[in-house]
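# Results of the structural survey
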Amino acid sequence: MSKFFVESLQSLEAYTPGFQPKNSDIIKLNTNENPFPPSPEIEGILVDVSKTLHLYNDPTCQTLKEVFAKNYDISEDQVIFSNGSDEILAFAFQAFCDKNTQICFPEISYGFYEVFAELYRIPYEKIHLKDDLSIKVSDYFSKNKTILIANPNAPTGICLGLSDLELILNTNQEHVVIIDEAYIDFGGESAICLINKFDNLLVTGTFSKSRNLAGARLGYAVGNKDLIADLNRIKFSFNPYNVNAMTQAIGVASLENDAYFKECCNTVIESREYLLKELDKLGFTTLDSKANFVFTKHPFFHGKELLDGLLEKNILVRHFSKDKISDFVRITIGTRKNMEILVEILKELVEKKHA
Ligand SMILES: *Cc1c(COP(=O)(O)O)cnc(C)c1O
């Protein structure tokens, strides 16, 4: 740290992204990426866009908005795009939270929430999970704060239903309720259908996971048009060109090839169900996941031991050292083949331990 770094941020702990190994022999199951490449037409689209890169990109993302609005049955003024959904979450923190309007989120959730609260100096409350690591819905009634919930939650994978979200929305009508749907396409029910019913609902999402585009950086928020106008006000006060031309074009292509998107999601869901069954046979306890990862533990192992045992065999998963979840590892769903290799290696580890 330099002597110039402001005092008010000296305790800021930055988010630690999952490790991105250079070694391609590694089976990478640590950052919830999609195991399948982006849809094939994207290559040609990139060549076309490259010819226009001397010009500024469209700061309003008009074409993207039109296609998205049609796909999701909303109007164009109900959506805004961003450089990954982390950025739209940052905008939401700036627009809907401050000293007077504090924020709350589950104690165990996406690590970035706490980082943003610290960065923007917003007082925050971390709400405990139940012993089974699920969210206790009534804990979020009448909070008198902005509420932020990842649904499905990360790293548990557990998903709340829309009726529970409606209860939270109804009892917090004077505050924004942000539902982070980064993983919703893997089996959960999106709250986008509720935006006309609740003017305090903001749904965020990303093309990183279910649309195979983590490296392109495209996120969005959907909600009442006034909420979206607020977010645009922040965006145009910070970086109007936040979604580059290549990413806008790729996003349109992804939305126009919904068949590929759905096929990839279904394949991931099938592999998840396969993995769940196999983990169960090996004595693992796995939380009920509606995401493209599972959160699992085994009575013979500490989570770190599993992480290290798998790493020795070139399989990378994620472990969190927080007390309540340190027994677990989070495993991203990869291809069926990679899930089969994983199961074989886990079997060896369990048998070796038992012997
Ligand atoms: C991955 C993730 C995001 C952000 O993804 P981007 O790549 O920034 O779009 C947001 N929320 C949760 C819960 C995530 O897991």
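The structure this text deals with has already been given above.
These lines cover the structure that appears in this document, whether it is placed above or below. This is a predicted model, so every value here is computed, not measured.

### Digging into the overall build of the chain
A count of helical and extended segments in the chain gives 10 helices and 12 strands. Relative to the compact-globule value of 20 Å for 355 residues, the chain shows a C-alpha radius of gyration of 21 Å, a close match. In terms of principal-axis extent, the alpha carbons of the chain reach across some 60 × 50 × 50 Å. Buried residues in the chain amount to 52% of all 355 residues. Pairs at least 24 residues apart make up 73% of the contacts formed inside the chain by residues separated by at least 6 positions. Of the roughly 16,900 Å² that the chain leaves accessible, carbon and sulfur atoms contribute 51%.

### Topic: the packing of aromatic side chains
For the structure shown, the criterion picks out 18 aromatic pairs. Ring plane angle 20° and centroid distance 4.5 Å describe the contact between Y15 and F112, whose orientation is recorded as stacked. Placement of the pair is Y15 in the segment before β1 (27–28) and F112 in helix α4 (residues 112–119), with a sequence separation of 97 residues. Under the relative-accessibility criterion, Y15 is labelled partly exposed at 27%. Relative to F112, the ring of Y110 has its centre 6.0 Å away and its plane inclined at 55°; by these criteria the two rings are tilted. A relative accessible area of 16% places F112 in the buried class. Positioned over the ring face of F207 is R211, at 5.4 Å from the centre of the ring. The ring of Y274 is capped by R336, whose NZ or CZ atom sits 3.9 Å from the centre of that ring.

### Let's talk about the sheet that holds strand β10 (residues 293–297)
Taking strand neighbours across the sheet as the criterion, the three strands line up as β9-β10-β12 in an open arrangement whose pairing is antiparallel. In the strand order of this sheet, the two ends are held by β9 (285–286) and β12 (329–332), each with one partner.

### Remarks on the sheet that holds strand β5 (residues 146–150)
Taken in spatial order, the seven strands of this open sheet run β2-β8-β7-β6-β5-β3-β4, and their pairing is mixed. Strand pairing shows two members of the sheet lacking a second neighbour, β2 (79–82) and β4 (124–127), which therefore form its edges. On average, each strand axis in the sheet is inclined to that of its neighbour by 20°, with strand direction left out of account. Pairing of β5 with strand β6 (residues 177–180), which is carried by four bridges, proceeds in the parallel orientation. In the strand pairing of β6, I149 is matched with I179. The strands that helix α2 (residues 62–72) touches are β2 and β8 (219–223); relative to β2, the one it contacts most, it runs at about 125°. The sheet contacts of helix α6 (residues 225–235) involve β2, β7 (201–206) and β8, and relative to β2 the element is tilted by about 30°.

### Structural notes on the pairing of β7
Most of β7 sits inside the fold, with six of its six residues counted as buried. Residue alternation in β7 divides its side chains into two sets, L201, V203 and G205 and L202, T204 and T206, and both sets are buried. The sheet contact formed by β6 and β7 spans four bridges and is parallel. Residue pairing in the sheet places V177 in a bridge with L201 of β7. As judged from the five bridges shared by β7 and β8, these two strands associate in the antiparallel manner. Across the sheet, G205 pairs through a bridge with Y220, a residue of β8.

### Concerning the environment of E114
Within the fold, E114 resides in helix α4. Its relative accessible area of 26% is what places E114 among the partly exposed residues. Separated by 83 residues in the primary sequence, E114 and T31 have C-alpha atoms spaced 19 Å apart.

What counts, and at which threshold
- Residues numbered from 1 in each chain as written.
- Predicted model: local features only at pLDDT ≥ 70, side-chain atom pairs only at ≥ 80, totals over all residues.
- Heavy atoms only, no water.
- Helix = DSSP H or I, 4+ residues; strand = E, 2+ residues; numbered from the N terminus.
- Rg over C-alpha atoms; globule rule 2.2 N^0.38 Å.
- Buried < 20%, exposed > 50% of the residue type's maximum accessible area, 1.4 Å probe, protein only.
- Contact = heavy atoms within 4.5 Å.
- Areas by Shrake-Rupley, 256 points an atom, 1.4 Å probe, with all protein chains shown as cover.
- Phe/Tyr/Trp six-rings, centres within 6.5 Å; stacked < 30°, edge-to-face > 60°.
- Lys NZ or Arg CZ within 6 Å of the ring centre and 35° of its normal.
- Pairing = 2+ DSSP bridges.
- Axes fitted to C-alpha atoms, helices over the stretch in contact; angles between N-to-C directions.

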